[in-house]
Amino acid sequence: AQELEGSPDAGSQAVAGHYAAAATLGERTARPPAVRVLLQAAREARAVEAHGLALRNAVLARQLADSDRERALAAEAAGDAHWMAEHLDDARAAYLDALELGVAAELGPEDRARLRWKWVDLPTRWQGSVITSPDRERIEAEIAAGLAEARSAGSVLTEARLLIAQALLVYRLETTVPPQEAALAVADRALELAEQVGRPVIVSAAIDARSVLLQSVGRYAEALGMDERRFALVRSLPSREEQMDICSSVAR
């Protein structure tokens, strides 16, 4: 494993396999590099949409991890693979595992904020219909904690993502105009931060939040303008799910 890792021609998957074999055979010093390279291999697998391979790497990393920090990062990688495979319930369970382990491991504020966002993103943006009352209280608490952590870490990207979740939680659960109007201001701030970061996928998500809230308060022409603006981003997005969501929103 060490010999291969020093070669520029060796792929992370091959290196990870040898480290994992050594660790499985009882070589404890191989565990930390095995986890590190397995997580790298999982990222590379996701980059080419090989979510099955990414999940296998993440699960093996979780099994070999020796600390809550490593277990948290492995659980996050498993959640990312489940999300890519559109197994959203499994993804949410993995992200909750990652979040609880990350808090126990006292990960830095930027990492904790990112894990909180991943857990709240699924019910607010992609599975809003399954939110229950206890969930709402937990989601609100995680958003508040994540926003404080993101701001302390100076992570504008994660702050924007959490503000989107905050706005969409109101959209999912409130039925009267005043809270929806208040949530529009949150979506406006999220869009401002997303444009500051310059990441099209986050800009798209912020526009999505603003559009659905505009529809909720009957401002349909403005909502259509938002969706058309979002549609212009389609070709710049790497996410198939985001592309499909844009198309369905514009059609609706």
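Worth saying up front: this structure is predicted, and the values here are computed from it rather than measured. (Residues numbered from 1 in each chain as written. Predicted model: local features only at pLDDT ≥ 70, side-chain atom pairs only at ≥ 80, totals over all residues. Heavy atoms only, no water.)

Student: Even after reading the chapter, I still don't get the packing of aromatic side chains, so can you show me in this structure?
Tutor: The full count for this structure, using the stated rule, is one aromatic pair. Taking the centre distance of 5.2 Å and the plane angle of 50° together, the rings of W83 and W126 count as tilted. Of this pair, W83 sits in helix α5 (residues 68-84) while W126 sits in helix α7 (residues 109-126); the two residues are 43 residues apart in sequence, bridging distant segments of the chain. Its relative accessible area of 22% is what places W83 among the partly exposed residues. When the ring centre of W119 is taken as origin, the NZ or CZ atom of R138, which lies over that ring, is 5.0 Å away. Over the ring of W117 we find R161, and its NZ or CZ is 4.2 Å from the ring centre. (Phe/Tyr/Trp six-rings, centres within 6.5 Å; stacked < 30°, edge-to-face > 60°. Helix = DSSP H or I, 4+ residues; strand = E, 2+ residues; numbered from the N terminus. Buried < 20%, exposed > 50% of the residue type's maximum accessible area, 1.4 Å probe, protein only. Lys NZ or Arg CZ within 6 Å of the ring centre and 35° of its normal.)

Student: Quick question: what am I supposed to make of the packing of helix α2 (residues 12-24) against helix α3 (residues 31-47) here?
Tutor: Packed helix pairs are characterised by how far apart their axes lie and by the angle those axes make with each other. Put simply, α2 and α3 touch, their axes get as near as 8 Å, and they point 150° apart. Read as a crossing pair, α2 and α3 show a hand that is left-handed. Contacts from S12, Q13, V15, A16, Y19, A20 and A23 of α2 reach α3 at R31, P33, A34, V37, L38, Q40, A41 and E44. Split into classes, the residues belonging to the contact of α2 with α3 amount to 10 nonpolar, three polar and two charged. (Axes fitted to C-alpha atoms, helices over the stretch in contact; angles between N-to-C directions. Left-handed = near helix turned anticlockwise from the far one by under 90°. Contact = heavy atoms within 4.5 Å. Nonpolar A, V, L, I, M, F, W, Y, C, P; charged D, E, K, R; others polar.)

Student: What should I look at first to understand the packing of α3 against α5 in this one?
Tutor: Running from N to C, α3 and α5 cross one another at 20°; their axes reach a closest spacing of 11 Å. Here α5 runs roughly parallel to α3, going by the angle between their axes. Considering how the two elements wind past one another, α3 and α5 form a crossing that is left-handed. The residues of α5 that touch α3, namely those facing P32, V35, L39 and R46, are E70, L73, A74, A77, D80, A81 and M84. Of the residues that constitute the contact of α3 with α5, the class distribution is eight nonpolar, no polar and three charged. (Parallel < 35°, antiparallel > 145°, perpendicular 65-115°, else oblique.)

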